[in-house]
Amino acid sequence: RPRRLWIDAICINQDDIAERNAQVAIMQHIYHTAVDVIAWIGEDNGAQDQRAIALVCELGPRGYTLVVRRESREHPRAFLSLYDTDDWLAFLSLIERPWFSRIWIVQEVVMGKRVTVWCGSYQLDWNDLYHSALFLRNYA
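The rules behind each value
Residues numbered from 1 in each chain as written. Predicted model: local features only at pLDDT ≥ 70, side-chain atom pairs only at ≥ 80, totals over all residues. Heavy atoms only, no water. Core = buried A, V, L, I, M, F, W, Y, C linked by side-chain atoms within 4.5 Å. Buried < 20%, exposed > 50% of the residue type's maximum accessible area, 1.4 Å probe, protein only. Helix = DSSP H or I, 4+ residues; strand = E, 2+ residues; numbered from the N terminus. Contact = heavy atoms within 4.5 Å. Salt bridge = Lys/Arg side-chain N within 4 Å of Asp/Glu carboxyl O. Phe/Tyr/Trp six-rings, centres within 6.5 Å; stacked < 30°, edge-to-face > 60°. Patch = residues over 30% accessible without salt bridge, like charges linked within 9 Å, V, L, I, M, F, W, Y side chains within 5 Å. Areas by Shrake-Rupley, 256 points an atom, 1.4 Å probe, with all protein chains shown as cover. Arc of directions from axis to C-beta.

Counting residues in hydrophobic clusters, the biggest one holds 32 residues, and the most contacted among them are L129 and F135. The greatest single-element share of this core, amounting to six residues, is contributed by helix α3 (residues 47-69). Residues in contact with L129, not counting those within four places in the same chain, are V56, F91, L94, I95, F100, V117 and L124.

Summed over all chains, the structure comprises four salt bridges. Note that R114 is salt-bridged to D36, the shortest N-O span being 2.4 Å. Taken together, the positions of R114 in the loop between α6 (105-111) and β2 (115-119) and D36 in the loop between α2 (17-33) and β1 (37-40) put the pair 78 residues apart, joining distant regions of the chain. Taking the relative accessible area as the measure of exposure, D36 reaches 39% and is therefore partly exposed.

Once that is clear, we can look at the packing of aromatic side chains. Going through the model one piece at a time under the given rule, you end up with five aromatic pairs. With a centroid separation of 5.5 Å and an interplanar angle of 75°, the aromatic rings of Y83 and W88 are classed as edge-to-face. W88 shares its class with Y83; the two are buried. Seen from their ring centres, W99 and F100 are 4.9 Å apart, and the 90° between their planes marks the pair as edge-to-face.

The subject of this paragraph is a nonpolar patch on the surface. The grouping of I103, W104, V106 and V110 at the surface amounts to a nonpolar patch, some 420 Å² of accessible area in total. Inspection of the secondary structure assignment puts V110 in helix α6.

For the rest of this paragraph, the subject is the environment of I38. Within the secondary structure, I38 sits in strand β1. Not counting residues up to four positions away in its chain, the partners in contact with I38 are E108, T116 and W118.

This part covers helix α5 (residues 85-95). Along α5, the residues that are buried comprise D87, W88, A90, F91 and L94. One side of α5 holds all its buried residues, which, seen down the axis, span an arc of 155°.

Here it is in structure tokens:
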């Protein structure tokens, strides 16, 4: 089945201010009409990213239940002890990547219907990453 891809790093000439401004003006529409949004945060750095991604895959759904729905009998702080310092440092390293500091990512993740974060060959659902961060903000 044919696909139409719009890749900001390829489709926007960053050296042409007029073109960049024109593209930024339509990005909301692009992300809103996209079936899938893929957020590339860079190559993976091996074991550290594997730890972070494993944490997000486990914590994301629990974070949703604990923080958003508030439907769990688990005590949130008890869940923190299931992971060691290296796991939390790996997660921090993951979310401190330059991609997370760029303002236009807000449009990507808010307007996209289904957002997948890619780190090297690893895939994460944006909601799991978001709920993991919310959990940590509220309970760490």
